[in-house]
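These are the residues of each chain, in order.
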Amino acid sequence: SQHKAVSGMRLKAEQLGSSLKHSGLAPIYYISGDEPLQLLEAEDEVRRYARNQGFEERIVMSVSKDFDWNQLKDASANLSLFSSKRLIELRLGDVKVGTEGSPALVEYAGQPPADHVLVITSAKIDSQSQKSRWFKALDQAGIMIQVWDVNPDELPNWVQQRLLREGKQISPDAARLIAERVEGNLLAARQELDKLCLLVEKTNIELDDVLAVVADSTHYNVFILVEDVFSGHIVRTMRMLNGLQKEGAVPLAIFGALMWEFRRVCSMAFQIETGMPREKVLAGYHLRAERNKAINRLLDRYSTGRLQMLLTSAMRVDRILKGAQKGNSWDELAWFLLRIAGADIQKNLSLM
């Protein structure tokens, strides 16, 4: 039999590599979660290892609502002309296993074919499904890997670990800058890091290297714009916004980046209002010095109630930018940015 790996185990995504190295392939892998990059990479890792072990035939099945579960039985029963070793990939996505899928999976898990490996991927699995017969059967027979979103606080560390694998070190400030730019999107983070590795030849990556690589991108200007708005730099905010408009930036993308950070500031304000010291609250977010300064200025400028009112008024801006309500996108965005920046709109209309 091909299967040396211990079944009935639960692993974190980062433990998968050493499990494969030390114990070989398990008969079944169930990889679930809502974070696409880690899901993709865990599946890739099993696939790569299987290929090296001579699993040349690969069958991919995407489960839809009317999926015929007999296909799983057929795939495991049919003898192959090419190779006795077969990798079966069953992609559930967010489709429920249902009354036909359940017995098919229970049966497969009860007696997995010796020279087959079944890799199942799905969206995050709810507690109801974890109590089901099929889940318990897979849990006993195979290895369960649940991937989790990386918290914004953990992202700089994730960036550092990721670059270490490429043989590069990155300063904490530079790692935070990347983390702030990608706003929790690991696929975007991977692209940024691939670009850095390609363009920065030295092994120690500093803040200036990251700035140099991203300096000419619209994304970076949006990033600076958010700090200008929070800091209350009204003239600079309008100049930057006009520049972005000329570059062909999309108002909704600017608004999205701003709101991601603005909602975090509102959360901070609530925590501070419950009696936590401001320094302690901000320290929990591991911000760069510049961003920290900008957020402090915004918190000095507005009470929690006022921030909440601004957050509510953002809904109207959102509807206009998405075309659900009439209005000029750029004017609405400018108006909203000026309000956050603390401009007295009546006096500053000449800036528009």
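Going by the structure above, here's the rest.
This is a predicted model, so every value here is computed, not measured.

Rules and cut-offs
Residues numbered from 1 in each chain as written. Predicted model: local features only at pLDDT ≥ 70, side-chain atom pairs only at ≥ 80, totals over all residues. Heavy atoms only, no water. Helix = DSSP H or I, 4+ residues; strand = E, 2+ residues; numbered from the N terminus. Buried < 20%, exposed > 50% of the residue type's maximum accessible area, 1.4 Å probe, protein only. Areas by Shrake-Rupley, 256 points an atom, 1.4 Å probe, with all protein chains shown as cover. Lys, Arg positive; Asp, Glu negative; His and termini not counted. Charge placed at Lys NZ, Arg CZ, Asp CG, Glu CD. Pairing = 2+ DSSP bridges. Axes fitted to C-alpha atoms, helices over the stretch in contact; angles between N-to-C directions. Contact = heavy atoms within 4.5 Å. Core = buried A, V, L, I, M, F, W, Y, C linked by side-chain atoms within 4.5 Å. Expected span 1.5 Å × (residues − 1). Arc of directions from axis to C-beta. Salt bridge = Lys/Arg side-chain N within 4 Å of Asp/Glu carboxyl O.

Participant: Help me understand the overall build of the protein chain in this model?
Facilitator: The helix and strand tally for the protein chain stands at 17 helices and eight strands. Each principal axis of the C-alpha atoms in the protein chain carries an extent, and together these give about 80 × 50 × 45 Å. When the 352 residues of the protein chain are sorted by exposure, 47% land in the buried category. A total of about 18,200 Å² of accessible surface is found on the protein chain, and carbon and sulfur atoms cover 49% of it. For the protein chain, the distance from the average position of its 45 positive side-chain charges to the average position of its 45 negative side-chain charges is 3 Å.

Participant: Could you clarify how one ought to interpret the sheet that holds strand β6 (residues 143-146) in this entry?
Facilitator: Strand pairing in a sheet takes place through backbone hydrogen bonds and is either antiparallel or parallel in direction. An order of β1-β6-β2-β5-β4-β3 is seen for the six strands of this open sheet, with the pairing classed as parallel. Lying at the two open borders of the sheet, with one neighbouring strand each, are β1 (9-11) and β3 (57-62). Between one strand axis and the next, the sheet turns through 15° on average, direction left out of account. Inspection of the sheet shows strand β2 (residues 28-32) paired to strand β5 (residues 116-122) by five bridges, in the parallel sense. Within β5, the position partnered with S32 by the bridge is S122. Running over the sheet, helix α2 (residues 36-52) touches β2, β3, β4 (86-93) and β5 and is turned about 170° from β4. In the packing of helix α4 (residues 98-110) onto the sheet, the strands contacted are β2, β4 and β5, and the crossing angle to β5 comes to about 145°.

Participant: It is not clear to me how the environment of G167 should be interpreted in this structure. Could you clarify?
Facilitator: Note that G167 resides in the loop between α7 (155-165) and β7 (169-170). It is 25 Å that separates the C-alpha atoms of G167 and D149, two residues lying 18 residues apart in sequence.

Participant: How should I be thinking about the side chain of S129 in this particular structure?
Facilitator: Among the secondary structure elements, S129 is positioned in helix α5 (residues 127-130). Once you skip the residues sitting within four places of it in the chain, S129 turns out to touch W134 and F135.

Participant: Help me understand the nonpolar core in this model?
Facilitator: Note on soluble globular proteins: their nonpolar side chains tend to be buried together. One finds F230, L241, I254, L258, F262, L307 and I340 to be the most contacted residues of the largest nonpolar core, which totals 45 residues. Elements with a minimum of two residues in this core: α11 (218-231), α12 (234-246), α13 (251-273), α14 (278-283), α15 (289-301), α16 (304-321) and α17 (329-341). For this core, the leading source of residues is α13, giving 10 residues. F262 has contacts with F230, L298, L307, L310, L311 and I340, leaving out every residue within four places of it along the chain. Ranked by size, the runner-up nonpolar core spans 26 residues in total, among them M61, L72, L90 and I120.

Participant: Is there a simple way to explain α12 in this structure?
Facilitator: Count 3.6 residues to each turn of an α-helix, and residues three or four apart come out pointing the same way. When the terminal C-alpha atoms of α12 are compared, their 19 Å separation across 13 residues agrees well with the 18 Å that a helix rising 1.5 Å per residue should span. Along α12, the positions that sit buried rather than exposed are I234, T237, M238, M240, L241 and L244. Angular distribution of buried residues about the axis of α12 spans 165°; they occupy a single face of the element. Turned more than 90 degrees off the buried face of α12, the exposed positions are R239 and K246. Within two residues after α12, G248 carries a phi angle of roughly 85°, on the positive side.

Participant: I would appreciate a short explanation of the pattern of salt bridges in the present structure.
Facilitator: Tallying each qualifying case throughout the model produces 23 salt bridges. E43 is the partner of R91 in a salt bridge, and the nearest nitrogen-oxygen pair spans 3.5 Å. Highlighted residues: R91 in strand β4 and E43 in helix α2, separated in sequence by 48 residues. Classification of R91 as partly exposed rests on a relative accessible area of 28%. Overall, E43 belongs to the buried group, its relative accessible area being 9%. Across the salt bridge formed by R291 and E261, the nearest N and O atoms sit 2.7 Å from each other.

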